[in-house]
Amino acid sequence: MKIIKRLLQVALIALIIIQFFRPELNNSNDETYAMVTKYEIPEKVQVILKGACLDCHSNTTEYPWYSKIQPVAWWLDDHVKHGKGDLNFSKFTHRRIGIQNHKFEEIVEMVEEHEMPLPSYTYLGLHPEAKLSNEQRTVLTDWAKQQMEKLKREYPADSLVLRRRK
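No experiment lies behind these values; they were computed from the predicted model shown.

Chemist: Please clarify how helix α3 (residues 72-86) should be interpreted in this entry.
Modeler: Side chains of residues three or four places apart in an α-helix project in the same direction, reflecting 3.6 residues per turn. Over its 15 residues, α3 extends 21 Å from the first C-alpha to the last, a length consistent with the 21 Å expected when each residue adds 1.5 Å. Within α3, burial applies to A73, L76, D77, H79, V80 and G83. Projected onto a plane normal to the axis of α3, the buried residues spread over an arc of 160 degrees and lie on a single side. For α3, the exposed residues set more than 90 degrees away from the buried face come down to K81, H82 and G85. Tucked into the core, α3 has its buried residues touching α5 (119-122).

Structure below.
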């Protein structure tokens, strides 16, 4: 029993100590190359993106109350870094046009297949605005498809192909 009590004390002390080591917040607010600078985003789509996508896929994360508790903050930081690595709406237009087109394809695929938003984002009723209805999924994917059609009209076909750099 003494060992268990001692282990609990050590765990509590460790939990207190790690509270002082926090990741940098994702709030640069740099929107120089944001998607909105080049693409029309209807209000309905903006609402969906804000509620379900932008916390992990932009430079403007709105952190929930529990993000101030370690080790949750580290987990969220890793989640945001990976999300921005895959798709960053704040730097969207900084990418080649072929990559932009491909990202729209990925949006359609991930949303239609219910791979996004991640289930972990809506666990336990957290982020209810991110739990997309079928209608919201359709609005988002139709919009992404329209953007791809617009790119097809504006750019040569070979520029929209995602090529590997040598």
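Chemist: What am I meant to see in the pattern of salt bridges here?
Modeler: Oppositely charged side chains can pair when the atoms bearing their charge come close. As enumerated under the stated definition, the model contains six salt bridges in all. With a shortest N-O distance of 3.2 Å, K81 and D77 are connected by a salt bridge. Residue K81 and its partner D77 are both found in helix α3; the two are separated by four residues, about one turn of the helix. According to the relative accessible area criterion, K81 is exposed, its value standing at 56%. Accessibility expressed as a relative area gives 16% for D77, which makes it buried.

Cut-off values and rules
For every chain, the first residue of the written sequence is number 1, and numbering continues from 1 along that sequence. Thresholds applied to this predicted model are a pLDDT of at least 70 for local features of residues and 80 or more for the giving and counting of side-chain atom pairs; totals over whole chains, interfaces and linings are not thresholded and use all residues. The basis for the side-chain values is all heavy atoms of the structure; hydrogens and waters are excluded. In this description a helix means any DSSP run of H or I spanning at least four residues, a strand means any run of E spanning at least two, and both kinds are numbered starting from the N terminus. One less than the number of residues in a helix, times 1.5 Å, gives the span that helix is expected to have. Note on classification: 1.4 Å probe, protein chains only; a residue is buried when its accessible area is under 20% of the maximum for its type, exposed when over 50%, partly exposed between these limits. Comment: arc refers to directions from the helix axis out to C-beta atoms. In what follows, residue pairs with any heavy atoms lying within 4.5 Å of each other are defined as contacts. Each salt bridge in this description consists of a side-chain nitrogen of Lys or Arg and a carboxyl oxygen of Asp or Glu lying within 4 Å of one another.

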